[in-house]
Amino acid sequence: MNKQAQLENTPPSTAKGNKVKAFNADKTLAENVMNLLVTAIVKGELAPGTKISEPELARRYGISRGPLREAIRRLEGLRLVELKPHVGARVVQLSVKELIEIYRVREALEGMAARLAAVHMSQEEIDDLRSLLDRHEESISQLDGQSYFQKEGDLDFHYRIVKGSNNAKMLELLGSDLYHLVRMYRYQFSVSSSRPVRALKEHRQIVDAIEARDPELAEILMRRHISAARVNIEQKLDK
């Protein structure tokens, strides 16, 4: 590895004022920064439509432009960032029509995922999913019921259901192509409403149906759950 590459992959210092406390040593600097930016975008700290300032982010994370640009390119691949010539990078901003279309796709596909999960998920996977929801409940309580933030992958209830469907194509669609876009809007439209507590209750009902090995009920409950989230979004956008 040449000197420049070494510099670009050296973790930032943890000096006072640097917001980065620790990076995962098993990942490159670009991967670590990308993960930080994904969380910032999902939580709305970098709001939809926001222009991404490389100098500002480089200072914030204490890194050089090289790994930062690589992180931004990866965000484009995740559909969270749009890169336009002579304009630069901006956080993606969906139209109302695009957002509602995504939720209707989710309603159909995740409903089917819940149906399949009721057939394929093992009891051990179901028990683990219940434990995850217990941790989610603690998190919601700590935030006074005002938001429901789920970390990605196996710490995300919806991801676990899709994974439990045992359908590779469904996991590819919902766990990759649309995944972080869905996480972003799912979180941001649940903040400061009664939706987090209701959503957790609906998650538990879906798990009950899966454990009862009732595919039809699991699908109905999941579709209702996502439909309720879509209605919540439509109501907020109408205000």
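The rules behind these values
Residues numbered from 1 in each chain as written. Predicted model: local features only at pLDDT ≥ 70, side-chain atom pairs only at ≥ 80, totals over all residues. Heavy atoms only, no water. pLDDT = per-residue confidence, 0-100. Helix = DSSP H or I, 4+ residues; strand = E, 2+ residues; numbered from the N terminus. Contact = heavy atoms within 4.5 Å. Salt bridge = Lys/Arg side-chain N within 4 Å of Asp/Glu carboxyl O.

**Quick look at the confidence of the model for the protein chain**
Overall, the predicted model of the protein chain reaches an average pLDDT of 84, with 88% of residues at or above 70. The secondary structure element of the protein chain with the lowest average pLDDT is helix H1 (residues 3-8), at 40, and the one with the highest is helix H7 (residues 157-164), at 95. In the model, residues 1-21 has pLDDT below 50 throughout and makes 26 contacts with residues more than four positions away in sequence or in other chains.

**Digging into the side chain of Arg 230**
Within the secondary structure, Arg 230 sits in helix H11 (residues 215-238). Residue contacts for Arg 230: discarding those within four places in its chain leaves Ile 100, Tyr 103, Arg 104 and Glu 107.

**Digging into unusual backbone geometry**
Excluding glycine, residues mostly carry a negative phi; peptide bonds, for their part, are mostly trans. Located in the positive-phi region is His 86, a residue other than glycine, with phi close to 65°. Structurally, His 86 can be placed in the loop between strand S1 (81-84) and strand S2 (88-91). The backbone of Asn 166 shows a phi angle near 60°, a positive value even though the residue is not glycine. Along the chain, Asn 166 turns up in the loop between H7 and helix H8 (168-177).

**A look at the pattern of salt bridges**
Oppositely charged side chains may form a pair once their charged atoms are brought near each other. Taken as a whole and assessed by the stated rule, the structure comprises 21 salt bridges. Between Glu 70 and Arg 73 there is a salt bridge, with its nearest N and O atoms 2.8 Å apart. In this pair, Glu 70 and Arg 73 are both assigned in helix H4 (residues 65-77), three residues apart and thus about one turn of the helix distant. Note that Arg 230 and Glu 234 form a salt bridge whose closest N and O atoms lie 3.5 Å from each other. Residue Arg 230 and its partner Glu 234 are both found in helix H11; the two are separated by four residues, about one turn of the helix. A single network of salt bridges, built from pairs that share partners, joins Glu 31, Glu 70, Arg 73 and Arg 74.

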